[in-house]
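Residues per chain, in single letters:
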Amino acid sequence: MFDGANRRVVSLWFPRLASDRALRVRPVDGPFALTLKQDNTNRIHCLNAVAERQGLYRGMVFSDARAFCPDLQSKPAQPEVDRRFLGSLRRWAVRYCPWVGIEGEDGLVMDITGSAHLAGGEAAMLCDLRQRLGRIGLTVQIGLGDTRGAAWALAHHGEGVAPPGEALAALGPLPVAGLRLEPVIAAALQRLGLRTIAHLAKAPRAPLARRFGPELLMRLDQALGTQPEQISPQAEPPHYAVRMSLPEPIGLEADVMAGTERLLIRLCDKLKQQQTGARVLCLTLRRIDSQAQHVELRLARPLRDPARILPLFARGIGEADAGFGIDQLRLEATQVEVLPSEQMGPAGPDRQDRLADLITRIGARIGLENVQRFLPADSHIPERSVIIAPAAYSKPEPFPANPRPRPLIMFPPEAIPATGPRPPQHFRWRRMRLTTMRATGPERIMPEWWLDDDNWRSGMRDYWRVETTEGRRLWMFYTPQNPGWFVQGVFP
Amino acid sequence: MTSFPLQTARVHEACGPLSGSLAAVMAAQAGDVLWLREDWQQQAISPSGLAGYIDLSQPLVAQTTDQTETLAVAEDGLRDGNVPLVVMELTAPLGLTAGRRLQLAAKAGNSIGLCLIRDGMGSPAAETRWHCGALPDPDSAPEDSTLQRWALIKNKSGTLGVWHVRWSQSARRLIVVSKARE
C-alpha cells in the first residue's frame, strides 16, 4: 500500500455553500443572506459575494446587517437541506476517486492517490473540478497536498498545490489557523509571535506541548505528514427502490399485480443482501397523464418474501385508479428493519407469520395501530393492570398468573344509592331491583398516588364480589374516605 | 349438550347479559381469537377477566370506528382462516345481506364467527342464537363462575334447548349442570 509520503489529498472548501445552494434554486441580484435563528436572535448564516463585498459578515445580527445594507434580500437557512446537498456533492465527487469523505459542514476531502492520472493528471483534475463546480454555481476553494491537513490548510487559506514531499515549503507562509486549531489556541499563538506555520514548525516542541497540549503538535504533524490521518469514505446507504417502465400502458388489476410481483422479487433480493426486511412499502403507479397513484403497505413485521407480500398488495392495487393506463411502476421500501436470515423450518409459515399477515391485512383497512394486543403492566389498579398496545409494534409477553378473579365485563363506576361499609342487602342498579345473597370481600385497593387519576379522586376502594339472588354477580366497591357505593363490573 | 361447541365455518349469535361469557368459553376452546369492538364503547370485556379463560398474550383486538368497519374486518378475519374464532361486538341489527356475507366468509376460511348482539337484534342468517343469563346458586363455591342459563333460542340445523352451565376456573372447562338439581 501507500505510505504517508505517497498520498495525494484534495480538499474542497465551499465557503458559501448554503447561499450558493439557495441561489441555485432561486437566483437574485444584489446582496443576499441566509439567516438562522440562534438564541432568539436572527443572525446571518451565509452570504453571497455581493453582500460580502458590502462588509457584511457571518454571525452578524440580521437587523444590523439590514441597517447597513437596506437592499439586502434574505431567506431563512435550511441547514438540513444543506447537509443533504453536501452529501449529494460527495456522491458526485466519487467520479474522480473512490475515497471521498465529508469535511465539517461545508467541505469535502478526496484521496486521489493513484487516480489522478485517470483525469489526465493532477492539474487537469483540479481544473475539471473547478469548472464543473463553477458551472453549477458553487464557489469552491481547492487545496492539494500530501496530507489531509495540508490540503485543508491550502484550501482554506489561499488555495494552492503542495508538490509531493514539499508540504512545509507550501504551508510555511500560511497562518497557524490553517492547522485546524481552536480559535483560542490560534489567537494565543499569534500573541506569542508564532504567526505562520513555518514559525511554528521551527519552534521547540516540548514547551509548545506543555503550553497548548498535545492537540497542537498533532495537528502540525498531521499537516506535515509525520503523523498519519485517515480519510473515511462514507458508505452509500443502501437504496431500496426498484422500478419498471412499460412499453405499453397497462390498466388491468392482474397486469399491475404481475408487474408488482416482478418488482417485489427484485426488491426482496436487495433486502436479502442487506439482511433487512421491509416494514413500509410504497408502490407508485405512474399513469400516462403524468399523474401518480400511490399504494402504501404497512406490514405488521419486517418481511422480504415476495410470495407473502404480494397478496397483501391486492387490496390497495384494486382500489387504485389506472386512468388511461399505467406506464411505470416504482416500488420502494420506505422503512426497513433488520431481519437476519433464519434457518428454514420444516413446515410452512408458523403461527406468528400467519398472524402478522392477518394484522397487516386488517391494519390496511382500519389502521395498523388499531389492531392491538394485551401486554402485562405493573399496576394493582384493575383498569391499569393490562396495557393495550398496537400488535404490529409489540411482541406477545407472558402474563403473570392472577390469583384474584376479576370481572369479565367492566365499565366506568356506576353509583348506586347505598350506605355503610358492608354491601347493601337490597339495591337498585340499572333499573333492576337486586338482593344480595352473598358478599365476598373486601379487597382494598389504594390509588396510585404518583399518578393523577381523576377516577380515583374518591380515595381508596374496598372491592366486594356480590352474588345476588337474581343470579348476577357484581363487582362493587365502597369508598370509605368519601362514602359511596359503585358497581364497576359483572363476573362471568 | 348439542350445538356446543359452535359449529365451525358458520356464524353464530349470542345475546343476553352474559353473552361475553359464552364468547370467552369459545375463545378458551378455540385457542386464538380476534376480538372486534367499536372504540367508543364504554362497557368492555376486561382483559383481566378474560385471563380466567385464555392466555392473554394470544388474542388480537381490533378497534373499529363503526359497525360497517367491524363487519369488513370480520369478513377479512373469517376468510383469512388463520384465527379460528372471530368475535364481534355489534351495536346495530345485522341485515340479511351482511349476515350472509359473514357466513360465506366463515365458510371460505373454515372459521367460526360469533356476533355479540343486543337482545332482539338477531340476523336471520345466523346459524344459532344463544341467550345467556345468570342464575342464583347458593351452594356454589365462590371461586366458581356464576351458574349460567344458556338457552339456544334459534338453531338452523337442530333442536332448541336450555342448559345450565358454569365455567370451572381450575379445570378450565365448561361444566354442564344437570337440570335435575333444580
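This text follows the structure it describes.
The following paragraphs examine the structure supplied in this document. What you see as residue numbers is a count from 1 along each chain, following the sequence as written. The naming scheme follows written order: chains are lettered A onward, ligands numbered 1 onward. Under the rules for a predicted model, residues below a pLDDT of 70 receive no local features and side-chain atom pairs below 80 are neither given nor counted, while totals for whole chains, interfaces and linings still include all residues. Side-chain measures here rest on the full set of heavy atoms in the structure, leaving out hydrogens and waters.

**Some words on the sheet that holds strand β10 (residues 276-287) of chain A**
Residue and element names in this part refer to chain A. At least two DSSP bridges between two strands are required for those strands to pair. Secondary structure is summarised from DSSP: a helix means a run of H or I of at least four residues, a strand means a run of E of at least two, and numbering begins at the N terminus for each. Ordered in space as β9-β12-β10-β11, the four strands form an open sheet in which the pairing is antiparallel. Two strands close off the open sheet at either side, each with one partner strand: β9 (241-250) and β11 (292-303). Shown here is a sheet whose adjacent strand axes are inclined to one another by a mean of 15°, direction ignored. Examined bridge by bridge, β10 and β11 share eight bridges and lie antiparallel to one another. Only the stretch in contact is used when fitting a helix axis, every axis being a line fitted to C-alpha atoms; angles between N-to-C directions are given from 0 to 180 degrees.

**Quick notes on the pattern of salt bridges**
Residues and elements named next belong to chain A. Here, a salt bridge means any side-chain nitrogen of Lys or Arg that lies within 4 Å of a carboxyl oxygen of Asp or Glu. Under the defined criterion, the tally for this structure stands at 32 salt bridges over all chains. Linking R148 and E103 is a salt bridge whose minimum nitrogen-to-oxygen distance equals 3.1 Å. Note that R148 is positioned in helix α6 (residues 148-156) and E103 in strand β5 (residues 99-103), a separation of 45 residues in sequence. You'll find R148 and E103 in the same group, each marked buried. Close ionic contact of D462 with R444 constitutes a salt bridge, the shortest N to O distance being 2.8 Å. Of this pair, D462 sits in strand β18 (residues 461-468) while R444 sits in strand β17 (residues 432-445); the two residues are 18 residues apart in sequence, bridging distant segments of the chain. A simple rule labels every residue: compare its accessible area, found with a 1.4 Å probe on the protein chains alone, to the largest value its type can have, and call it buried under 20%, exposed over 50%, or partly exposed in between. Exposure remark for R444: the relative accessible area of 48% places this residue in the partly exposed category. Through salt bridges with shared partners, one network takes in R8, E122 and D146.

**Brief notes about the state of the cysteines**
When two cysteine sulfur atoms lie within 2.5 Å, the pair is treated as a disulfide. Tallying each qualifying case throughout the model produces zero disulfides over all chains. Between C132 of chain B, a free cysteine, and C15 of chain B, which holds the nearest cysteine sulfur, the sulfur-to-sulfur gap is 7.3 Å.

Honestly, that's just the spatial picture; any functional story needs more than this.
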